[in-house]
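Examination of the molecular architecture
Single-letter residue listing:
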Amino acid sequence: MAPGTVAAYLIDPTQASSINAALAPFDYGYASAIWALAFSMVVGLYVVSHGIGTVLGFLRRG
């Protein structure tokens, strides 16, 4: 082996928590909860918009 130099970065203790959080294992339960919330909001907005469109169509036709 030949001796050599390697460029490295020093971590500030204030940044250690963010780096540890980024290296944590992926939480599938939390991700599925966020996805379910977003999906239900989209479906809910669709249902509300469809209902408003139905009412406006009814009022437009008389």
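Residues numbered from 1 in each chain as written. Predicted model: local features only at pLDDT ≥ 70, side-chain atom pairs only at ≥ 80, totals over all residues. Heavy atoms only, no water.

**Re the overall build of the chain**
Cut-off, in case you're wondering: Helix and strand assignments follow DSSP, with helices taken as H or I runs no shorter than four residues and strands as E runs no shorter than two, numbered in order from the N terminus. Values of the radius of gyration come from C-alpha atoms, whereas the globule rule sets the reference at 2.2 Å times the count of residues to the power 0.38. Only protein chains enter the accessibility calculation, which uses a 1.4 Å probe; a residue is then buried when its area is under 20% of its type maximum, exposed when over 50%, and partly exposed in between. Areas reported here follow the Shrake-Rupley algorithm with a probe of radius 1.4 Å; residue values treat only the protein chains shown as occluding.
When helices and strands are tallied, the chain shows 2 helices and 0 strands. Taken over the C-alpha trace, the chain has a radius of gyration of 26 Å; the compact-globule value for 62 residues is 11 Å, which it surpasses by more than 25%. Counting only C-alpha atoms and orienting by the principal axes, one finds that the chain spans roughly 85 × 30 × 20 Å. Considering the chain as a whole, with its 62 residues, one finds that 2% of them fall into the buried category. Surface summary for the chain: the accessible area is close to 6100 Å², and the carbon and sulfur share equals 72%.

**Description of the packing of aromatic side chains**
Each pair of aromatic rings is reported with the distance of its centres and the angle of its planes. As a reminder, the rule being used: Only the six-membered ring of Trp is used, alongside the rings of Phe and Tyr, when aromatic pairs are assigned; centres must lie within 6.5 Å, and planes under 30 degrees apart are stacked while those over 60 apart are edge-to-face, with the rest tilted.
Applying the stated criterion to the full structure yields 2 aromatic pairs. For the ring pair phenylalanine 26 and tyrosine 28, a centre distance of 4.8 Å and an interplane angle of 75 degrees mean the geometry is edge-to-face. By relative accessible area, which is 56% here, phenylalanine 26 ends up exposed. When its relative accessible area of 63% is taken as the criterion, tyrosine 28 is described as exposed. Consider the rings of tryptophan 35 and phenylalanine 39, whose centres lie 5.1 Å apart with planes at 5 degrees: the pair is stacked. Here tryptophan 35 and its partner phenylalanine 39 are both found in helix 2 (residues 28-61), 4 residues apart, which amounts to about one turn of the helix.

**Quick look at a nonpolar patch on the surface**
Stated precisely, the cut-off is as follows: A patch is a set of surface residues, each over 30% in relative accessible area and not in a salt bridge, joined within 9 Å for like charges and within 5 Å for the nonpolar side chains Val, Leu, Ile, Met, Phe, Trp and Tyr. One speaks of a salt bridge when a side-chain nitrogen belonging to Lys or Arg is within 4 Å of a carboxyl oxygen belonging to Asp or Glu.
Together, Val48, Ile52, Val55, Leu56, Phe58 and Leu59 give the surface a local cluster of nonpolar side chains, amounting to about 610 Å² of exposed area. Secondary-structure assignment places isoleucine 52 in helix 2.

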